[in-house]
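# Summary of structural features
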Amino acid sequence: MNLAPVIVKAIKDRVEASLPNSYQNLEFLTSGGTRAIFTADWGPAQEKRVVKVDIEPESPRAKRHVSRGYDTSHDIEKLAHIREPELHGIMGLVDYIEEGGLTLSVERFFEGNTLEERVNEKPLTLDEFTEVFSQVTDIQRYLINTAGLYHRDAKPSNYLVDKKNRVRITDFANAGNKEDLEAKVMPSGGGHLILKPTTFSVFTGETASHSESDEVYSIGVNMYFALTGKYLFEFDPDKKTATHVESGESLLDENGILNKERYAQLLTKAVKKLPKKARKKYGEVIEKSLSIDEKQGYTSMTEFHKDFHYAKRTSGFFERRVGFRLTHIAAFLALTGTALGMAQLNENAKQAETQLEQQVEENKRYKVGASWNGQGLEISNNFFTPSMFIYTS
């Protein structure tokens, strides 16, 4: 949502008047459907902060969300109940202000772009994709299994990624407690590019509650977008439209009900067009995450998390870890050991493979420990004890 300069100035003046003197140099950053976002310097060290404030919504969806209480106060409430958020990739709450009729939430500033901005410049490479979504899956598993929250708006613009591919998730204005949302019919709070259509009765003629599969679906949308820079489908329950983005084809039948068979066909076709290396490694996980078939799709974040990290470890992961493929050993020996017979060649390859496997197993047994010796923290492991102490003043 693009705000006119005169509106930005009016909002900025009100925010400045509501902030304590410890906040200086307020600057407009961006805006969404329901909130404006500013940066400010805080404290003697002039630490950069992000300040969020509600604005008057314009779209029917935004108005509905605000009328249901999904605003900055709701964002503050949800963030306040997340323990150690920044240790788990979450932009946590550091301050909030209620003054002059405004409610302001304050977060630390994260130096990076949104996933949407990053991908609009260039889709992620396979290595970047693996690094980013390893964190995304960990973040979402923590939110659901530990914090007991559904984010419900995990679109590319709500993931922040820095130059080192570190990830943070932000904006909990639409978040809801897992138990509350599963106990009643409550559609996704996210944008219509990431919502799972089967949660909305307008597309199926059946009622459903928000569940873990909706959160998995949103990650699937982000994954496809990250690799291609495109969205597959757009579902708008307000306009009652379901569209294949690339072709503009409607996915609704003559009765206005979602054609699940056609959806599956277009999904499979799209996954086959993913970059080859990414498709071979993650194609099945992406397709299953975006499936709307209850028997074929994911029903839990734990299952999805397990499959993603299994795919991450396989199909070439072992070769990258040890530095070369075991089959290359035979080729090397063939080039340099022309006097060796095939029997000796195979024997050498087997010995090298055994040594590598033993090395990997030995690495798995490696453990690091820390203990307090009365003076400082002693770091040790089960192979040797280094001369390393961390003392406190």
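## Digging into the overall build of the protein
The secondary structure content of the protein amounts to 14 helices and 15 strands. Intrachain contacts of the protein at a sequence separation of at least 6 include 58% that bridge at least 24 residues. About 21500 Å² of surface is accessible on the protein, with carbon and sulfur atoms providing 49% of the total.

## Structural notes on the nonpolar core
Core analysis: the biggest nonpolar cluster contains 61 residues, and Ile90, Phe129, Phe133, Phe172, Phe235 and Tyr263 have the highest contact counts within it. In terms of residue count, the dominant contributor to this core is helix H8 (residues 212-228) (nine residues). In this view, Phe129 contacts Leu124, Met223, Ala226, Leu227, Tyr282, Ile286 and Phe308; residues no more than four positions away in its chain are not counted. Counting 17 residues, the second-largest nonpolar core is a separate cluster that includes Leu3, Val15, Ala40 and Leu102.

## A look at helix H9 (residues 260-272)
Owing to its 3.6 residues per turn, the α-helix aligns residues three or four sequence positions apart on the same side. Spanning 13 residues, H9 covers 19 Å between terminal C-alpha atoms, matching the ideal 18 Å at 1.5 Å per step. Buried within H9 we find Tyr263, Leu266, Leu267, Ala270 and Val271. In a view along the axis of H9, the buried residues occupy a sector of 135°, so they form one face of it. Along H9, exposed side chains directed more than 90 degrees from the buried face belong to Glu261 and Lys272.

## Side note on the pattern of salt bridges
Should their charged atoms come close, side chains of opposite charge can pair. For the coordinates displayed, the defined rule picks out 14 salt bridges. Between Glu107 and Lys52 there is a salt bridge, with its nearest N and O atoms 3.3 Å apart. Pair noted here: Glu107 is in strand S5 (residues 102-108) and Lys52 is in strand S3 (residues 47-54), with a separation of 55 residues, a long-range link. A salt bridge links Lys78 to Glu77, with the nearest nitrogen and oxygen atoms 4.0 Å apart. The exposure class assigned to Glu77 is partly exposed, which follows from its relative accessible area of 42%.

## Some thoughts on the sheet that holds strand S8 (residues 159-161)
Across a sheet, strands are paired by hydrogen bonds formed along the backbone, either parallel or antiparallel in direction. Pairing is antiparallel across the open sheet formed by three strands, whose spatial order is S6-S8-S9. Here the strands that pair on one side only, and so sit at the sheet edges, are strand S6 (113-114) and strand S9 (167-169). Against the sheet, helix H5 (residues 126-145) contacts S8 and S9, and its axis sits at roughly 35° relative to S9.

## Digging into unusual backbone geometry
Even without being a glycine, Asn165 presents a positive backbone phi close to 65°. In this model, Asp171 sits at a positive phi of 70°, which is unusual for a non-glycine residue. Its location among the elements puts Asp171 in the loop between S9 and strand S10 (176-177). Residue classification places Asp171 among the buried positions, given a relative accessible area of 18%.

## Comments concerning the packing of aromatic side chains
Two descriptors summarise a pair of aromatic rings, namely the distance from one centre to the other and the angle between the planes of the rings. A full pass over the atoms with the stated rule returns 11 aromatic pairs. Relative to Tyr282, the ring of Phe129 lies with its centre 5.2 Å away and its plane at 50°, an arrangement referred to as tilted. With Phe129 in helix H5 and Tyr282 in helix H10 (residues 276-290), this pair connects stretches of sequence that are 153 residues apart. In terms of burial, Phe129 and Tyr282 fall into one category: buried. Sitting above the plane of the Phe109 ring, Lys48 keeps its charged end 4.3 Å from the centroid. For the cation-ring pair, Lys281 lies above Tyr282, with the distance from its terminal atom to the ring centre recorded as 5.9 Å.

Rules used in this analysis
Residues numbered from 1 in each chain as written. Predicted model: local features only at pLDDT ≥ 70, side-chain atom pairs only at ≥ 80, totals over all residues. Heavy atoms only, no water. Helix = DSSP H or I, 4+ residues; strand = E, 2+ residues; numbered from the N terminus. Contact = heavy atoms within 4.5 Å. Areas by Shrake-Rupley, 256 points an atom, 1.4 Å probe, with all protein chains shown as cover. Core = buried A, V, L, I, M, F, W, Y, C linked by side-chain atoms within 4.5 Å. Buried < 20%, exposed > 50% of the residue type's maximum accessible area, 1.4 Å probe, protein only. Expected span 1.5 Å × (residues − 1). Arc of directions from axis to C-beta. Salt bridge = Lys/Arg side-chain N within 4 Å of Asp/Glu carboxyl O. Pairing = 2+ DSSP bridges. Axes fitted to C-alpha atoms, helices over the stretch in contact; angles between N-to-C directions. Phe/Tyr/Trp six-rings, centres within 6.5 Å; stacked < 30°, edge-to-face > 60°. Lys NZ or Arg CZ within 6 Å of the ring centre and 35° of its normal.

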